[in-house]
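Below, each chain spelled out in residue letters.
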Amino acid sequence: MKNFLFISIEESFFIIFIAILVFGPKKIPEIARGLGEGIRYLKNAKTKIKNEIIQHNIDQSIKKKEIFDHEKKGKKNITPYSIKRNN
């Protein structure tokens, strides 16, 4: 079993024991609940930002494609630097 954050089991129990002494056994579940809600909020915000960035990139690529297609349709088949001769 891997150690979580490089902390041994004994150190984990010691940290929990100190937390119980400082906050009391009735306050610990409230603190854990608040931490859980905070972590969930940050995960949701990260997901929303990621989705916005992806959607923005998709929109930009669609706009570029539309502009390219529009320019391509508007061009005539004229060779560049052609000289028009009058006979």
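In this report, the structure presented in the accompanying data block is examined. (Residues numbered from 1 in each chain as written. Predicted model: local features only at pLDDT ≥ 70, side-chain atom pairs only at ≥ 80, totals over all residues. Heavy atoms only, no water.)

### Considering the overall build of the protein
Here is step 1: A tally of regular secondary structure across the protein gives 2 helices and 0 strands.
Here is step 2: Looking at the protein residue by residue over its 87 residues, the buried ones come to 1%.
Here is step 3: Element-wise, carbon and sulfur atoms account for 63% of the exposed surface of the protein, whose accessible area totals about 9400 Å². (Helix = DSSP H or I, 4+ residues; strand = E, 2+ residues; numbered from the N terminus. Buried < 20%, exposed > 50% of the residue type's maximum accessible area, 1.4 Å probe, protein only. Areas by Shrake-Rupley, 256 points an atom, 1.4 Å probe, with all protein chains shown as cover.)

### Quick word on a nonpolar patch on the surface
Here is step 1: Together, Phe14, Ile15, Phe17, Ile18, Leu21, Val22, Phe23, Ile31 and Leu35 make up an exposed nonpolar region whose accessible area comes to about 910 Å².
Here is step 2: Of all elements in the fold, only α1 (9-23) and α2 (28-74) reach the threshold of two or more residues within the nonpolar patch.
Here is step 3: Looking at which element gives the most residues to the nonpolar patch, the answer is α1, with 7 residues.
Here is step 4: Relative to the helices and strands, Leu21 resides in helix α1.
Here is step 5: Accessibility expressed as a relative area gives 58% for Leu21, which makes it exposed. (Patch = residues over 30% accessible without salt bridge, like charges linked within 9 Å, V, L, I, M, F, W, Y side chains within 5 Å. Salt bridge = Lys/Arg side-chain N within 4 Å of Asp/Glu carboxyl O.)

### As for the pattern of salt bridges
Here is step 1: Within the structure shown, the criterion is met by 1 salt bridge.
Here is step 2: Between Lys27 and Glu30 there is a salt bridge, and its shortest N-O distance comes to 3.6 Å.
Here is step 3: Here Lys27 falls in the partly exposed class, since its relative accessible area comes to 42%.
Here is step 4: By relative accessible area, Glu30 is classed as partly exposed at 45%.

### Quick look at α1
Here is step 1: Taking 1.5 Å of rise per residue, the 15 residues of α1 would be expected to cover 21 Å, and the 21 Å separating its terminal C-alpha atoms lies within 8% of that figure.
Here is step 2: Just past α1, the residue Gly24 takes up positive phi, approximately 90°. (Expected span 1.5 Å × (residues − 1).)

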